Amino acid sequence: MKVLSVRREPGSTAVLEIEVPEDRVARAVAQGVVKVSQRARIPGFRPGRAPRPVVERYVGRDAVYEEALERLLPEAYGEAVRQSGIRPISRPRFEQAQIEEGKPLRVVARVEVEPEVKLGDYRELRIPFDEPRVGEEEVQRTLEALRARYAQLLPKQGPASAGDFVLVQVLQAPEGERRFAQGRELMLEVGGGETPQTLSALLEGRSAGDEVEWEGEAGPVRFSVVEVRLRELPALDDAFAQTASDHQTLAELREDLRARLQARASAQARAEYEQRVLQAVVDSSHVEVPESLVHAEVHSLLEDLEEELRRRGLSWDRYLQLVGKSAEQVHDEFRPQAESRVRTRLVLDAVAEAEGLQPSEEEVAQAVQNLAEDSGRSPEEVRELLERTGGMARLRASLRRRRAVAYLVERASGGAVTAEATSRPESREEGEP
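Reading the values: the criteria
Residues numbered from 1 in each chain as written. Predicted model: local features only at pLDDT ≥ 70, side-chain atom pairs only at ≥ 80, totals over all residues. Heavy atoms only, no water. Helix = DSSP H or I, 4+ residues; strand = E, 2+ residues; numbered from the N terminus. Rg over C-alpha atoms; globule rule 2.2 N^0.38 Å. Buried < 20%, exposed > 50% of the residue type's maximum accessible area, 1.4 Å probe, protein only. Contact = heavy atoms within 4.5 Å. Areas by Shrake-Rupley, 256 points an atom, 1.4 Å probe, with all protein chains shown as cover. Lys, Arg positive; Asp, Glu negative; His and termini not counted. Charge placed at Lys NZ, Arg CZ, Asp CG, Glu CD. Core = buried A, V, L, I, M, F, W, Y, C linked by side-chain atoms within 4.5 Å. Phe/Tyr/Trp six-rings, centres within 6.5 Å; stacked < 30°, edge-to-face > 60°.

**Focus: the overall build of the protein chain**
Link 1 in the chain: Secondary structure assignment for the protein chain yields 13 helices and 11 strands.
Link 2 in the chain: Relative to the globule expectation of 22 Å for 433 residues, the C-alpha radius of gyration of the protein chain, 35 Å, shows a markedly less compact shape.
Link 3 in the chain: For the protein chain, the proportion of its 433 residues judged to be buried stands at 38%.
Link 4 in the chain: Residue pairs in contact within the protein chain that sit at least 24 positions apart in sequence constitute 67% of those at least 6 positions apart.
Link 5 in the chain: By element, 46% of the accessible surface of the protein chain is carried by carbon and sulfur atoms, the whole surface being about 24,900 Å².
Link 6 in the chain: Positive and negative charge centroids in the protein chain, built from 63 and 80 side chains respectively, lie 7 Å apart.

What follows is the structure, given as structure tokens:
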């Protein structure tokens, strides 16, 4: 078997011209005769025992050739792939595959392959990183929010003012009104973010026993003010710290809040920085994304969406009704995101290959352990399942990309940011059993 030529075409397509010698063609035709005669059940002959002239007269020569090609083409293509060194990512399409006995078989195989990635000068990329600093105002706002959670609502004599809470009963409401349904009692904060501004304005200055009519979205709603309550905040002292936390002093509580806010701000800043670096590397690289990979990624995103809908108790058809879109429209909306994800993965794979990055066995073992904990299975069960279904290769690829991200971030920041080569897979399809 010879590979006469290999050429690349747009769309990350490889075209292989293959020649199969006549002796292999003859053997495949002979095997095809046997297979066809076994299925045909030719009268007067045991299955697989009818001579070729009888088989061809009974079922036709084309059936024999078709059977021969079904056996011959996959074998020849597999050998051609190994010889040429291409990396297919889809099933091949065979062209010009016609058997002429006594002659070699020439066939053209067209297949999508891993695209060539031309990386930019990622080693020289430098992006400054500014570590965020949590200010005293943010600490104080967080402390006040915690203080508000321990506030008491006490009866107030007199009209409601901003910051007070008003207990109202809905006397009358239009049909279909949900939040302000007739007969419900609600505690509304005057000027609070969850109370409509127009309703807050009507409640301010009202006292117990007053009635208020408010124009809601579905129509007029009439309320009766049952009670006005004043919010009394606890004193910010050591006693409050002991009530609201495990700390003994307010100073300790304040420092703990500061540390938590700082850790959260740093994590967010580092995640955003990671995305900036990654986007810069992708933008400076050139890669032609194969359509088959984009299509597969779109379906992966749609599967994630359907799973999320099931958790929320929504069917796919109901979701389409709610958003007012067709399945094709939703599919098309996911395409840009899918293409971006595929492009990023291809670039990271190229960086990992260029730098010789691989996850350690300890990282793989930890990733398997994490998946086991998430799925409620033993690590042995998860590993066996991954190896049986091909998931282990995807898991290793995911961890290798995380190593590539960590390398790029550390290099771009000049060591100021050290990203974790996390042992958790990037997404559900890249490791979850």
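Still to come is the rest of the account.
**A word on the nonpolar core**
Link 1 in the chain: The biggest cluster of nonpolar side chains holds 37 residues, and the ones touching the most others in it are Tyr273, Val277, Val281, Val330, Phe334, Val351 and Leu408.
Link 2 in the chain: The leading source of residues in this core is helix α10 (residues 327-355), at nine residues.
Link 3 in the chain: Those residues within four positions of valine 277 in sequence are excluded, and the remaining contacts are Leu125, Ile127, Leu408, Val409 and Ala412.
Link 4 in the chain: The next biggest cluster of nonpolar side chains, apart from the first, holds 31 residues, and it includes Ala28, Val29, Val33 and Ala50.

**Some words on the packing of aromatic side chains**
Link 1 in the chain: Under the definition given, this model contains eight aromatic pairs.
Link 2 in the chain: Here tyrosine 77 and phenylalanine 94 contribute two aromatic rings whose centre-to-centre distance is 5.9 Å and whose plane-to-plane angle is 85°, an arrangement assigned as edge-to-face. Taken as a pair, tyrosine 77 in helix α3 (residues 61-84) and phenylalanine 94 in strand β3 (residues 93-95) lie far apart in primary sequence, 17 residues in all.
Link 3 in the chain: Accessibility expressed as a relative area gives 11% for tyrosine 77, which makes it buried.
Link 4 in the chain: Here phenylalanine 94 falls in the partly exposed class, since its relative accessible area comes to 31%.
Link 5 in the chain: Here the aromatic rings of tyrosine 150 and phenylalanine 240 are separated by 5.9 Å at their centres, their planes lie at 90°, and the arrangement is edge-to-face. Taken as a pair, tyrosine 150 in the loop between α4 (136-149) and β6 (152-155) and phenylalanine 240 in helix α6 (residues 238-244) lie far apart in primary sequence, 90 residues in all.

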